[in-house]
Amino acid sequence: MNIRGMDKRYLPLLVTVGLFIVMFAIGSAEYNGFFSLQVFLNLLIDNAFLLITAVGMTFVILSGGIDLSVGSVIALTTMISASLVQNHHWSPWLVIPLVLAIGSLFGWCMGSLIQYFKLQPFIVTLAGMFLARGLCYVISIESITIDNEWYQYVSQTKVYLFGKSYISISVIIALAVVAA
């Protein structure tokens, strides 16, 4: 079980951290200004939604399941949100809880099919993935740009940490989800 006194369960984590450090060092050597706190924080800013998704997927994987539909359900709820806010002028205060409920309902339906009808999670979530992708195309085949003032304010708000370094509100939400 031990590799030179280390539990081998931690090997993937150590390799990931090691690769990150090597890639960050190479980037710092190749590009001026790359070795800065803000560049590191930009990784969090740009990938906060993936961090939230990873928390949910961790529970699925730890319980022995699989969910192929996650990305498509995110796309579907995003398309619904964009369509309602931009095209139908709904308030974001109504849309955000609605799309959270829709995504949860979508997952609950697939989970119910898996649990009560003893269907294979791979097949159910694959079908859910195609259903969500198809529904996105029903809403629009083009991307929908949101120019809502509230969305712009939230996306452009900077929370300063150390001098000029900052994070966005999405990072705070993602870190709160990880902490919870």
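Right above here is the structure, for reference.
A. View of the nonpolar core. Leu76, Ile80, Val95, Phe106 and Ala132 are the most contacted members of the largest nonpolar core, which has 15 residues in total. Of all the elements in the fold, those that place two or more residues in this core are helix H3 (70-87), helix H4 (92-116) and helix H5 (121-139). For this core, the leading source of residues is H3, giving seven residues. Discounting chain neighbours no more than four positions away, the residues touching valine 95 are Ser81, Leu84, Val85, Trp90 and Tyr151. Counting residues in each nonpolar core, the second largest holds five residues, with Leu41, Ala48, Val171 and Ala174 among its members.

B. Region of interest: the environment of leucine 98. Position of leucine 98 among the secondary structure elements: in helix H4. Assessed through its relative accessible area of 33%, leucine 98 is described here as partly exposed. In sequence terms leucine 98 and isoleucine 80 are 18 residues apart; their C-alpha atoms lie 9.3 Å from each other. Setting aside chain neighbours within four positions, we find leucine 98 in contact with Leu84 and Trp90.

C. Geometry of the side chain of serine 168. In this structure, serine 168 sits in strand E4 (residues 166-168). By relative accessible area, which is 8% here, serine 168 ends up buried. Serine 168 has contacts with Ile45 and Thr157, leaving out every residue within four places of it along the chain.

D. Examining the packing of H4 against H5 more closely. Between H4 and H5, whose axes approach to 9 Å, the crossing angle comes to 150 degrees. Judged by the inter-axis angle, H4 sits roughly antiparallel to H5. The handedness of the crossing between H4 and H5 is right-handed. Of the residues in H5, those in contact with Phe106, Met110, Leu113 and Ile114 of H4 are Pro121, Val124, Thr125, Gly128, Leu131, Ala132 and Leu135.

E. Structural context of the packing of aromatic side chains. Counted under the stated rule, the structure contains seven aromatic pairs. Where phenylalanine 20 meets phenylalanine 40, the ring centres are 5.9 Å apart and the plane angle is 70 degrees; that geometry is what we call edge-to-face. In this pair, phenylalanine 20 sits in helix H1 (residues 11-30) while phenylalanine 40 sits in helix H2 (residues 37-62), placing the two residues 20 residues apart along the sequence. A relative accessible area of 32% places phenylalanine 20 in the partly exposed class. Exposure remark for phenylalanine 40: the relative accessible area of 37% places this residue in the partly exposed category. Among the aromatic side chains, those forming a connected cluster through ring pairs are Phe20, Phe24, Phe34, Phe35 and Phe40.

F. A look at the pattern of salt bridges. Counted according to the given criterion, the structure contains one salt bridge. Aspartate 7 is the salt-bridge partner of arginine 9, the closest N and O atoms lying 2.7 Å from each other.

G. Expanded view of H4. Between its first and last C-alpha atoms H4 spans 35 Å; for 25 residues at 1.5 Å apiece the expected length is 36 Å, and the two agree. Looking only at H4, the buried set comprises Pro92, Val95, Val99, Gly103, Phe106, Met110 and Ser112. Elements in contact with the buried residues of H4: H3, H5 and helix H6 (149-156). In the stretch just after H4, lysine 118 is the one whose phi turns positive, near 55 degrees.

Rules behind the numbers
Residues numbered from 1 in each chain as written. Predicted model: local features only at pLDDT ≥ 70, side-chain atom pairs only at ≥ 80, totals over all residues. Heavy atoms only, no water. Core = buried A, V, L, I, M, F, W, Y, C linked by side-chain atoms within 4.5 Å. Buried < 20%, exposed > 50% of the residue type's maximum accessible area, 1.4 Å probe, protein only. Helix = DSSP H or I, 4+ residues; strand = E, 2+ residues; numbered from the N terminus. Contact = heavy atoms within 4.5 Å. Axes fitted to C-alpha atoms, helices over the stretch in contact; angles between N-to-C directions. Parallel < 35°, antiparallel > 145°, perpendicular 65-115°, else oblique. Left-handed = near helix turned anticlockwise from the far one by under 90°. Phe/Tyr/Trp six-rings, centres within 6.5 Å; stacked < 30°, edge-to-face > 60°. Salt bridge = Lys/Arg side-chain N within 4 Å of Asp/Glu carboxyl O. Expected span 1.5 Å × (residues − 1).

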